[in-house]
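# An overview of the molecular structure
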Amino acid sequence: MTFSFAADLAGAKLPNPILTASGCAGSGKELSQFFKLSEIGAVVTKSIMIKPRSGRATPRMAETPSGMLNSIGLQGPGVDYFLENDIPWLAANGARTIVSIAGETVEDYAVLARRMRNLPGVVGLEVNISCPNVENRGMVFSCHPETARAAIEAVRRNIGGELPIIAKLSPDVTDILGIAREVSNAGADGVALINTLLGMVIDTNLMLPKLAQKTGGLSGPAIRPVAVRAVYQVRAALPQLPILGMGGITNGRDAFEFILAGASAVSIGTATFGNPTAVIKVRDELSAILQERGFDSLSDAIGFAHREVQA
Amino acid sequence: MTFSFAADLAGAKLPNPILTASGCAGSGKELSQFFKLSEIGAVVTKSIMIKPRSGRATPRMAETPSGMLNSIGLQGPGVDYFLENDIPWLAANGARTIVSIAGETVEDYAVLARRMRNLPGVVGLEVNISCPNVENRGMVFSCHPETARAAIEAVRRNIGGELPIIAKLSPDVTDILGIAREVSNAGADGVALINTLLGMVIDTNLMLPKLAQKTGGLSGPAIRPVAVRAVYQVRAALPQLPILGMGGITNGRDAFEFILAGASAVSIGTATFGNPTAVIKVRDELSAILQERGFDSLSDAIGFAHREVQA
Amino acid sequence: MISTRAAQINAELISNKRVGSYHHMVFSVGDIASQAKPGNFVAISVGGESSSMVLRRAFAIYRSTERGVNGGLVELVVAPQGQGSRWLTSLEAHDVVDMVLPLGTHFGIPTEPVRALLVGGGYGSAPLFGLAELLKSRGCRVDMVLGASTAAKIYAPLEGKRSVSSLTLTTDDGTAGIAGQITDVLPKLIEENEIEIVYSCGPMGMLQAITAVTDRYQIMHQCAVEEAMACGIGVCMTCVLPVTGDDGVTRMLRSCIDGPVMDGSRVVWDSKRKIPEGTFGA
Amino acid sequence: MISTRAAQINAELISNKRVGSYHHMVFSVGDIASQAKPGNFVAISVGGESSSMVLRRAFAIYRSTERGVNGGLVELVVAPQGQGSRWLTSLEAHDVVDMVLPLGTHFGIPTEPVRALLVGGGYGSAPLFGLAELLKSRGCRVDMVLGASTAAKIYAPLEGKRSVSSLTLTTDDGTAGIAGQITDVLPKLIEENEIEIVYSCGPMGMLQAITAVTDRYQIMHQCAVEEAMACGIGVCMTCVLPVTGDDGVTRMLRSCIDGPVMDGSRVVWDSKRKIPEGTFGA
Ligand SMILES: Cc1cc2nc3c(=O)[nH]c(=O)nc-3n(C[C@H](O)[C@H](O)[C@H](O)COP(=O)(O)OP(=O)(O)OC[C@H]3O[C@@H](n4cnc5c(N)ncnc54)[C@H](O)[C@@H]3O)c2cc1C
Ligand SMILES: Cc1cc2nc3c(=O)[nH]c(=O)nc-3n(C[C@H](O)[C@H](O)[C@H](O)COP(=O)(O)OP(=O)(O)OC[C@H]3O[C@@H](n4cnc5c(N)ncnc54)[C@H](O)[C@@H]3O)c2cc1C
Ligand SMILES: Cc1cc2nc3c(=O)[nH]c(=O)nc-3n(C[C@H](O)[C@H](O)[C@H](O)COP(=O)(O)O)c2cc1C
Ligand SMILES: Cc1cc2nc3c(=O)[nH]c(=O)nc-3n(C[C@H](O)[C@H](O)[C@H](O)COP(=O)(O)O)c2cc1C
Ligand code: FES
Ligand code: FES
């Protein structure tokens, strides 16, 4: 029997389950000097907002033990530029694209969703709801069931057509299951787990927070156990909800952990900074591991760690 | 001027701000083969429960990138044994002791608090409320304002006398500030930040969660940015509330980060597993750093990273 | 309970030689070498200054020498398995490691000369050679059986064998000695040599299987267990296993300070992923 | 924008020599060496297999050679500062590192011979010697000024100086050359040598101070900036700084791909911890 590495992520059909992570692959162009973008499952774009954003002041980055903090602040040229330049380029280069969108208001999500209709090469939408809601005391959308629901509903109502909607959740919550349930009810076809954890590094020379923005998002291998736990919990409680797993994946073994925990596909973020060809390495290693372990297909391995075993 | 390294932790007067972390120093005896317990600020005991506990099944541990998961499950001989054996031994060996207590019900906390009156050498109480509440759907006490409040109120009403009460909080919440406010209002003299983060590792050979208990608590340098953020946030919002900082401290520079963020003292947990004399190393290095930086006393450095600086 | 007074030292690597699948590593440790007894182990920091590995690795002491040209020495037999042991075995002479030793309980030595059988699986043979020497010096007759999956995984250096009256080898693949497992030959060895005590070290499954045999013959079985350890010094409670005491009560004991050497018949085997019913505090 | 086609290779360390406060390190990199131009940098993984450091470290290319006995070479000048550079400088010949190169923009070379002043602070002198050679080969007159806190931190190897007409040194503590800072001597050097373009590399504060001088004299200033970089290849947006374009709009540009070599007069200096007002998208 031939091994099938094909992935189905909430309806998006991909040749393999290895994706870039939002905000960690530039516009795609930058990575294409190292490999063909068509070789991976999909490119997840940085989170696109309606207007251009300068992002946060520098320093925006601090390395931490087995991880890093960032406070990029969603720097980007805005949706118009993105649709005119990045989308056609990605399509022309054979990439399957999952567009990540981010808003400051519920209306922003609605507007962005409408702009995402019928784009060449776009196979899905990742909705980054880990942004502060400017209309509601700056509360992060995905940190509260009501705001998470509102943002996803706005997207659902406006997207039209078949594009799968994947809600990206923050791990900085008391009850990630509750949020997952809420966004699923609101019309999300899947969830992306996890966004970064809120962290801080103090520069002991300056004796001040190292990042200009003070806090930043923690990513990398350090957070992998938190991410795997989130994936496992959501899979256990909502087995029908497809999961895009991420957080600290650097090699095929790490990706296998997420697949066993219940992810249908995985994103690679921080690892790309340390290794521009990390996605290719993960893809090849995961494929080899699955076959060594005797799986006939990727899908047979998804959630395999949930089986009941005699103690 | 002579440098003062003395710490005042919510009323507990300690010769220096370096403590062990609960559950990471055995009964004290085990570490005393490496240094005199009187040399550190205080010994924080493992969390004491009313009855003996076998703890969780093995495997209870998994190493992770720059950290580890544990699911010890509060193994211990119970409060009677503890009061008869450990407390006298610690007192006889010159240790200042902060007793950590943990309950499964609000009443447990009340009972334990009463047992803590007038013990030799005991300078404070750490209330571990990161335990599941068996009466209330297994919800972790510190994850919800109401249950956190109830546990701390029970301790406050029953402790009597002057013993400082330090509430130990879980970082696995949407709003740690809200919890800190609540326990402070309920009578806590200070907060200990942070307990472990909930995580999971999947054993890719067995293709099952590595820990018998499936999930475990993530500790070590990996979580330091999350811990520093929590300390900084609580200090910024509640500047009068003393903080015992912890999470991934391995050397004097790390401890300095917590002091600058606003901790009055720090606990060293996982680092002791890698280095039995970690607490002594941290103590000596922190003292040297503070003096090199020209601080006259520890207290001058507490929260120093919060000062306003011209950009 | 805390029988050894352990020390934390900087140990210089004196030599590192590949032997079959293992590395024989000699460290200069100073006077503390004299405190080490067969069964004790050391715990080493791995990965260097910027390591992502926060926990020490435990290794049984293969041999300790009070005075060599380099002062006190301890010798280890290390299998390069994962990140930590690969880092360790890649070190070169004069590299220095942070080592805590000696740790844990040691093998008990009978006051009278007895007929002892030493059983080692894989690198589990390491602590047995020093034990054999000690037993021999006390007038015991020592037989030994070593097993592994394949010949390269049997560690049995020539000089180690001088204290044993007989050495039997087993390998799963038949590349050395008898094809099969240690437990296949155990009854015969016990009977023929009229064994009064079995000492063992190796994988937990093997120790359990040996216990079944020694229980049947009602002979003592001192085994050195290998549980995953985070601290090695008794402070973390990760390395526990259920052991039944004289009072009949089963408690979760720390294998790093109540072990690694334990009475096999007292260990409640097959307790991975569950706490045995009736355990104290369960 | 992406001017270089970078490659990710295993580079073998050929030699590692201590020079003053720095290490001069030579790596064998194969054919890609021919692609490197003065101003480009490399990015190296640090800490080995079990490293806790997840990000690469960037180093300016001091020199590249298309064909040596070991094939193409790149040479770096590395200051052991923190964990990553200490690990790198502790490597020995034949050790292999994971390197991405060449990265970033390079110094622009005038089409006509001009009078150029090259200014380097600390290890910032590294990329200037290759540049000097290139400028000289194009018929330019090249003067150079190097500064550092102390003599040991000036990197100015003999063979590097052969292309420069004059070399001025400054040190804060006066242990070499003129006591003081580079900017103290800059106006005099610019005037005496009728400088038409300044090339610089060094700490951001120095580059800013040089810009103030070159702006005053209205001469070109190409500087190689050093912002903290997470990826070095343009995908993370951590290394940005505000730069004003031809259209008068200030944008946050990535110093790893729109730099490190930038037009000093276009950089909005003094922008640490704040976004300059009016920046695009602010
Ligand atoms: C008392 C004792 C004596 C030992 N003696 C030897 C010896 O003489 N020679 C030798 O080669 N090895 C010995 N080991 C095993 C050794 O400590 C390491 O576990 C082994 O080298 C693998 O570590 P690693 O870093 O290479 O592998 P990794 O897979 O990278 O790391 C192993 C990790 O898993 C943990 N772990 C999980 N299961 C176990 C287990 N069964 N035993 C130990 N750790 C586990 C470790 O604590 C560590 O965190 C002994 C272990 C113990 C507890
Ligand atoms: C374009 C460029 C060229 C460079 N050229 C050289 C060179 O030729 N020789 C040399 O010795 N060093 C050079 N550096 C600096 C080098 O990349 C390392 O930052 C330096 O070696 C310290 O790293 P560390 O791991 O030793 O220190 P650590 O303090 O352990 O780590 C430094 C960490 O901080 C980040 N960081 C913070 N501020 C800066 C900063 N201003 N610059 C770079 N990284 C920062 C790094 O990304 C890294 O994560 C250059 C940097 C850049 C960006
Ligand atoms: C520099 C950087 C920028 C990021 N930008 C975004 C973003 O724009 N949108 C988003 O949803 N997540 C963003 N993330 C989060 C990642 O997509 C990912 O969820 C997280 O980093 C965990 O994965 P990792 O450990 O593989 O990096 C960013 C992460 C980093 C490190
Ligand atoms: C093995 C282990 C056991 C622990 N047991 C307890 C405990 O009994 N009570 C408690 O409040 N915290 C316990 N903790 C949490 C620590 O006290 C500390 O909050 C946490 O580990 C973060 O600090 P660290 O990174 O320095 O270890 C335990 C941690 C570990 C690793
Ligand atoms: S290894 Fe920590 S108690 Fe045994
Ligand atoms: S370093 Fe990542 S974009 Fe420049």
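Only a predicted model underlies this, so the values are computations on that prediction, with no experimental measurement involved. (Residues numbered from 1 in each chain as written. Chains lettered and ligands numbered in written order. Predicted model: local features only at pLDDT ≥ 70, side-chain atom pairs only at ≥ 80, totals over all residues. Heavy atoms only, no water.)

## Brief notes about the overall build of chain C
Looking only at helices and strands, chain C has four helices and 16 strands in total. Here chain C has a C-alpha radius of gyration of 18 Å; the compact-globule value for 282 residues is 19 Å, and the two agree. Overall size of chain C, expressed as C-alpha extent along the three principal axes, is 50 × 45 × 40 Å. Counting across all 282 residues of chain C, residues that qualify as buried make up 56%. Counting only contacts in chain C whose residues sit at least 6 apart along the sequence, the fraction spanning at least 24 positions is 63%. The average position of the 24 basic charges and that of the 28 acidic charges among the side chains of chain C differ by 2 Å. (Helix = DSSP H or I, 4+ residues; strand = E, 2+ residues; numbered from the N terminus. Rg over C-alpha atoms; globule rule 2.2 N^0.38 Å. Buried < 20%, exposed > 50% of the residue type's maximum accessible area, 1.4 Å probe, protein only. Contact = heavy atoms within 4.5 Å. Lys, Arg positive; Asp, Glu negative; His and termini not counted. Charge placed at Lys NZ, Arg CZ, Asp CG, Glu CD.)

## Thoughts on the overall build of chain A
Helix and strand counts for chain A come out as nine helices and 16 strands. Against the 2.2 N^0.38 benchmark of 19 Å for 311 residues, chain A shows a C-alpha radius of gyration of 18 Å, consistent with a compact globule. Dimensions of chain A, computed from the C-alpha atoms along their principal axes, are close to 55 × 50 × 40 Å. Residue burial in chain A is summarised as follows: out of 311 residues, 66% are buried. Considering only intrachain contacts with a sequence separation of at least 6, the fraction spanning at least 24 residues in chain A is 71%. Accessible surface, chain A: about 10,200 Å² in total, of which carbon and sulfur atoms supply 48%. (Areas by Shrake-Rupley, 256 points an atom, 1.4 Å probe, with all protein chains shown as cover.)

## Looking at the site of ligand 1
Of all residues adjacent to ligand 1, which total 19 residues, the nearest are C:Arg57, C:Ala58, C:Val77, C:Ala79 and C:Ser85. Nearby residues around ligand 1 are contributed by chains B and C. B:Glu63 is positioned with one of its side-chain polar atoms (N or O) 3.1 Å from an oxygen atom of ligand 1. Between ligand 1 and the protein, one listed contact pairs an oxygen atom with a backbone N or O atom of C:Gly82 at 2.8 Å. When isolated, ligand 1 has an accessible area of 870 Å², and the protein chains bury 81% of it. Looking at the shell around ligand 1, the elements that each hand over two or more residues are strand E5 (61-64) of chain B together with strand E4 (57-60), strand E6 (71-78) and helix H1 (83-89) of chain C. For the shell around ligand 1, the element with the highest residue contribution is E4(C), accounting for four residues. Residues that form the shell around ligand 1 fall into these classes: 10 nonpolar, five polar and four charged. (Near = heavy atom within 4 Å. Polar contact = N/O pair within 3.5 Å; in protein donor to acceptor, adjacent residues only side chain to side chain. Nonpolar A, V, L, I, M, F, W, Y, C, P; charged D, E, K, R; others polar.)

## Considerations on the site of ligand 4
Neighbouring residues of ligand 4: 22 residues in total, closest B:Ser22, B:Ser47, B:Lys168, B:Gly248 and B:Thr270. Two or more chains meet at ligand 4, and those chains are chains B and C. B:Ser47 is positioned with one of its side-chain polar atoms (N or O) 2.6 Å from a nitrogen atom of ligand 4. B:Gly220 is positioned such that a nitrogen or oxygen atom in its backbone is 2.8 Å from an oxygen atom of ligand 4.

## Describing the packing of helix H2 (residues 106-115) of chain B against helix H3 (residues 145-159) of chain B
Residues and elements named next belong to chain B. Following both chains from N to C, one finds H2 and H3 inclined at 25 degrees, their axes separated by 8 Å at the closest point. Judged by the angle between their axes, H2 and H3 are roughly parallel. Taken as a pair, H2 and H3 cross one another with a handedness that is right-handed. Across the interface between the two elements, Val106, Tyr109, Ala110, Ala113 and Arg114 from H2 touch Ala150, Ala151, Ala154, Val155, Asn158 and Ile159 from H3. Residues of the contact of H2 with H3, tallied by class, amount to nine nonpolar, one polar and one charged. (Axes fitted to C-alpha atoms, helices over the stretch in contact; angles between N-to-C directions. Parallel < 35°, antiparallel > 145°, perpendicular 65-115°, else oblique. Left-handed = near helix turned anticlockwise from the far one by under 90°.)

## Quick word on the interface of chain D and chain C
Note on interface size: it is often stated as the accessible area lost on association of the parts. Residue-level contacts link eight residues of chain D with eight residues of chain C. Each partner contributes to the roughly 680 Å² buried at the junction of chain D and chain C, and carbon and sulfur atoms together form 32% of this total. For the pair chain D and chain C, the number of links is two salt bridges. Linking C:Glu49 and D:Arg86 is a salt bridge whose minimum nitrogen-to-oxygen distance equals 2.2 Å. Between the two partners, chain D and chain C, sit four residue pairs in polar contact (both at pLDDT 80 or more). (Buried area = accessible area lost by both parts, 1.4 Å probe. Salt bridge = Lys/Arg side-chain N within 4 Å of Asp/Glu carboxyl O.)

## Thoughts on the interface of chain A and chain B
Of the residues lining the interface, 44 residues belong to chain A; the matching set on chain B comes to 44 residues. When chain A packs against chain B, the two sides together hide about 3,700 Å² of surface, and 64% of this comes from carbon and sulfur. Its largest share of buried area at the contact with chain B, chain A owes to A:Thr174, A:Thr204 and A:Met207, together 18% of the area lost on that side. Applying the counting rule to chain A against chain B returns zero salt bridges. Inspection of the chain A/chain B interface yields 18 residue pairs in polar contact (both at pLDDT 80 or more). For the side of chain A that touches chain B, the secondary structure elements donating two or more residues are strand E11 (197-200), strand E13 (208-209), strand E14 (215-219), helix H5 (224-237) and helix H6 (252-261) of chain A. Of the residues forming the side of chain A that touches chain B, the biggest block, seven residues, is contributed by H5(A). A breakdown of the residues in the side of chain A that touches chain B according to their chemical character gives 27 nonpolar, nine polar and eight charged.

## Things to note about the relation of the copies chain D and chain C
For these two chains of identical sequence, chain D goes onto chain C by a turn of 180 degrees and a shift of 0.0 Å along the axis, with RMSD 0.0 Å. Here the two chains are linked by the operation of a two-fold rotation axis. Closest approach to the rotation axis among the C-alpha atoms of chain D is made by D:Ser52, whose C-alpha sits 2.1 Å away. With an isologous cut-off of 70% or more, the 100% of interface residues of chain D that recur at the interface of chain C puts this contact in the isologous class. (Least-squares fit on C-alpha atoms with pLDDT ≥ 70 in both.)

## Side note on the side chain of C:His24
Assignment of secondary structure puts C:His24 in strand E2 (residues 22-28). Engagement of the side chain of C:His24 in a polar contact is seen with the side chain of C:Glu75, the distance being 2.8 Å.

## Quick look at the sheet that holds strand E8 (residues 122-128) of chain A
Residues and elements named next belong to chain A. Pairing is parallel across the open sheet formed by eight strands, whose spatial order is E3-E16-E15-E10-E9-E8-E7-E4. The two strands at the open ends of the sheet, each matched to only one other strand, are strand E3 (18-20) and strand E4 (43-44). One ladder, built from four bridges, connects E8 with strand E9 (residues 165-168); its direction is parallel. Bridge assignment links Asn128 to a residue of E9, and that residue is Lys168. With respect to the sheet, helix H1 (residues 79-92) is in contact with E4, strand E7 (97-102) and E8, its orientation differing from that of E7 by roughly 155 degrees. (Pairing = 2+ DSSP bridges.)

## What to know about the environment of D:Ser50
You can see D:Ser50 is positioned in the loop between strand E3 (41-44) and strand E4 (57-60). Once you skip the residues sitting within four places of it in the chain, D:Ser50 turns out to touch C:Gly47, C:Ser50, C:Ser51, C:Ser52, C:Met53 and C:Gln83.

## Quick notes on the domain arrangement of chain C
All names here are of chain C. Each assigned domain of chain C is listed with its residue range as follows: domain 1 (7-103) and domain 2 (115-271). Of note, the centres of domain 1 and domain 2, computed from C-alpha atoms alone, are 22 Å apart. The interface of domain 1 with domain 2 comprises 20 residues on the first partner and 22 residues on the second. Here domain 1 and domain 2 share an interface that buries about 1,700 Å² over both sides, 66% of which is from carbon and sulfur atoms. Broken down residue by residue, the surface that domain 1 buries against domain 2 is led by Tyr22, Pro38 and Tyr62, which jointly contribute 33%. Seen at the junction of domain 1 and domain 2, the total is zero salt bridges. The interface formed by domain 1 and domain 2 holds three residue pairs in polar contact (both at pLDDT 80 or more) in total. Residue assignment for the side of domain 1 that touches domain 2 shows that the elements contributing at least two residues are E2, E4 and strand E7 (96-103). (Domains from an automatic or database assignment.)

## Re H5(A)
All names here are of chain A. Compared with an ideal rise of 1.5 Å per residue, which puts 14 residues at 20 Å, H5 spans 20 Å between its outermost C-alpha atoms and is within 8% of the ideal. Of all 14 residues making up H5, 10 are buried, and the element is well covered by its neighbours. All of the buried residues along H5 are Arg224, Pro225, Val226, Ala227, Val228, Arg229, Ala230, Val231, Tyr232 and Val234. (Expected span 1.5 Å × (residues − 1).)

## Details of the pattern of salt bridges
Enumeration over the complete set of coordinates arrives at 52 salt bridges over all chains. Across the salt bridge formed by D:Arg254 and A:Glu30, the nearest N and O atoms sit 2.9 Å from each other. Of this pair, D:Arg254 sits in strand E15 (residues 250-254) while A:Glu30 sits in the loop between E3 and E4, placing the two residues on different chains. A single salt-bridge network, built from bridges that share partners, covers A:Arg224, A:Arg253, A:Asp254 and A:Glu257.

## A closer look at the relation of the copies chain A and chain B
After a rotation of 180 degrees and a shift along the axis of 0.0 Å, chain A superposes on chain B with an RMSD of 0.0 Å. In this assembly the copies share their binding face: 100% of the residues contributing to the interface of chain A also contribute to that of chain B.

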